[in-house]
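Geometric and topological summary
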Amino acid sequence: MKIKAMVILLITSVIICSCTDNSISCTDNSINSPSRIARQYADDILYCFDNNDISKLKALFCKSIADSHDLDAEIQEAFKFFDGEIVSQGKSIGMSEGEVEIRNGKILKQTVYPSLLNITTDNGFEYSIYFCAYLVYENHDENIGITYINVVNSENEKISIGADVI
């Protein structure tokens, strides 16, 4: 009986430890997986563009960008560039892995670079939205969040909100 209990405890420990915050091998079903966080950012961005919600979009940006950019003006310009309300989206999210810096089994820096493709508006325009978000940046909490959003139209014209951080 003791051996059975030890085996169950060992298996449970391995399962729990294999999907912690410091592990990049977690599946999309984990609560805070990078792809799940990126998907939430993507949903929020689409909501903000569809509803011209400056304050909600501004709140998604990291503190260092919020402090160094006139996000109100940049977001207003992006909303003007994005003509219409969203009626369809071909591919909901394309996920680029981004960067992961790990030292001694601990994630020091992690980014995601999602792409929202084939967004069509009621005015007949098509856009793609690309953004970068830092999920982890040890000793630089001011960089956690979205650093930039690029909106590109079908003629390859682009407008940016924010900037990359180093």
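Residues numbered from 1 in each chain as written. Predicted model: local features only at pLDDT ≥ 70, side-chain atom pairs only at ≥ 80, totals over all residues. Heavy atoms only, no water.

1. A word on the overall build of the protein
Where we set the bar: Going along the chain from the N terminus, every DSSP run of H or I of four or more residues is numbered as a helix, and every run of E of two or more is numbered as a strand. The rule is simple: take the accessible area with a 1.4 Å probe, protein chains only, and divide by the maximum for that residue type; under 20% is buried, over 50% is exposed, in between is partly exposed. Here, Shrake-Rupley sampling with a 1.4 Å probe gives the accessible areas, and only protein chains in the shown set may cover a residue.
Helices and strands together make up the secondary structure of the protein, namely five helices and six strands. Order of helices (α) and strands (β) in the protein, N terminus to C terminus: α-α-α-α-α-β-β-β-β-β-β. Sorting the 166 residues of the protein into buried and exposed places 36% on the buried side. As displayed, the protein has an accessible area near 9,800 Å², and 52% of this comes from carbon and sulfur atoms.

2. Details of the nonpolar core
This is how the line gets drawn: Only buried Ala, Val, Leu, Ile, Met, Phe, Trp, Tyr and Cys residues count toward a nonpolar core, and they belong to the same one when joined by side-chain atoms within 4.5 Å. By definition in these notes, contact holds between two residues if any of their heavy atoms fall within 4.5 Å.
Core analysis: the largest hydrophobic core is formed by 36 residues, its most contacted members being Phe-49, Leu-57, Ile-129 and Ile-149. Going through the elements one at a time, α2 (34–51), α3 (54–60), α5 (71–81), β3 (106–121), β4 (126–137), β5 (145–153) and β6 (158–162) are the ones with two or more residues in this core. No other element matches the eight residues that β4 contributes to this core. Discounting residues that sit within four places of it in the chain, Ile-149 has contacts with Ile-45, Leu-57, Phe-61, Ile-129, Tyr-130, Phe-131, Ile-159, Ser-160 and Ile-161.

3. Some thoughts on the pattern of salt bridges
Under the convention used in this document: Counted as salt bridges are all cases of a side-chain nitrogen of Lys or Arg within 4 Å of a carboxyl oxygen of Asp or Glu.
Applying the stated criterion across every chain yields a total of six salt bridges. Linking Glu-138 and Lys-106 is a salt bridge whose minimum nitrogen-to-oxygen distance equals 3.0 Å. Here Glu-138 is found in the loop between β4 and β5, whereas its partner Lys-106 is found in strand β3, with 32 residues between them in sequence. Given the relative accessible area of 30%, Glu-138 is considered partly exposed.

4. Quick look at the pairing of strand β2 (residues 100–103)
In regular strands, side chains alternate between the two faces of the sheet. The cut-off we apply is this: When DSSP finds at least two bridges between two strands, those strands are taken to pair.
Inspection of the sheet shows β2 paired to β3 by four bridges, in the antiparallel sense. If you follow Ile-102 over to β3, its bridge partner there is Ile-107. Taking the residues between adjacent antiparallel strands as the criterion, β2 and β3 are bridged by two residues, where Asn-104 takes a positive phi near 55°.

5. Some points on the environment of Asp-72
As for its placement among the helices and strands, Asp-72 is situated in helix α5. Residues Asp-72 and Ser-55, 17 residues apart in the sequence, show an inter-C-alpha distance of 8.1 Å. In this structure, Asp-72 is in contact with Ile-54 and Lys-58, ignoring residues within four places of it in sequence.

6. As for unusual backbone geometry
One non-glycine residue, Asn-104, lies in positive phi territory at about 55°. With respect to the helices, strands and loops of the structure, Asn-104 is situated in the loop between β2 and β3. Note on Asn-104: relative accessible area 80%, which makes it exposed. You will see that Asn-118, though not glycine, has its phi angle at about 55°, which is positive. Accessibility expressed as a relative area gives 36% for Asn-118, which makes it partly exposed.

7. Observations regarding the packing of aromatic side chains
Operational definition: Aromatic pairs are defined between Phe, Tyr and Trp rings, using the six-membered ring for Trp, whenever the two ring centres lie within 6.5 Å; interplanar angles under 30 degrees are classed as stacked, those over 60 as edge-to-face, and all others as tilted. The rule is short: NZ of Lys or CZ of Arg within 6 Å of the ring centre and within 35 degrees of the ring normal puts a charge over the ring.
Enumeration over the complete set of coordinates arrives at six aromatic pairs. Pairing Tyr-134 with Tyr-137 gives two aromatic rings, centres 5.0 Å apart and planes at 35°, and the pair type is tilted. Side by side, Tyr-134 and Tyr-137 carry an identical accessibility label, which is buried. An aromatic cluster is defined as three or more aromatic residues linked by ring pairs; in this entry it consists of Phe-49, Phe-79, Phe-81, Phe-82 and Tyr-127. In this structure, Lys-56 packs its charged tip against the face of Tyr-47, placed 4.8 Å from the ring centre.

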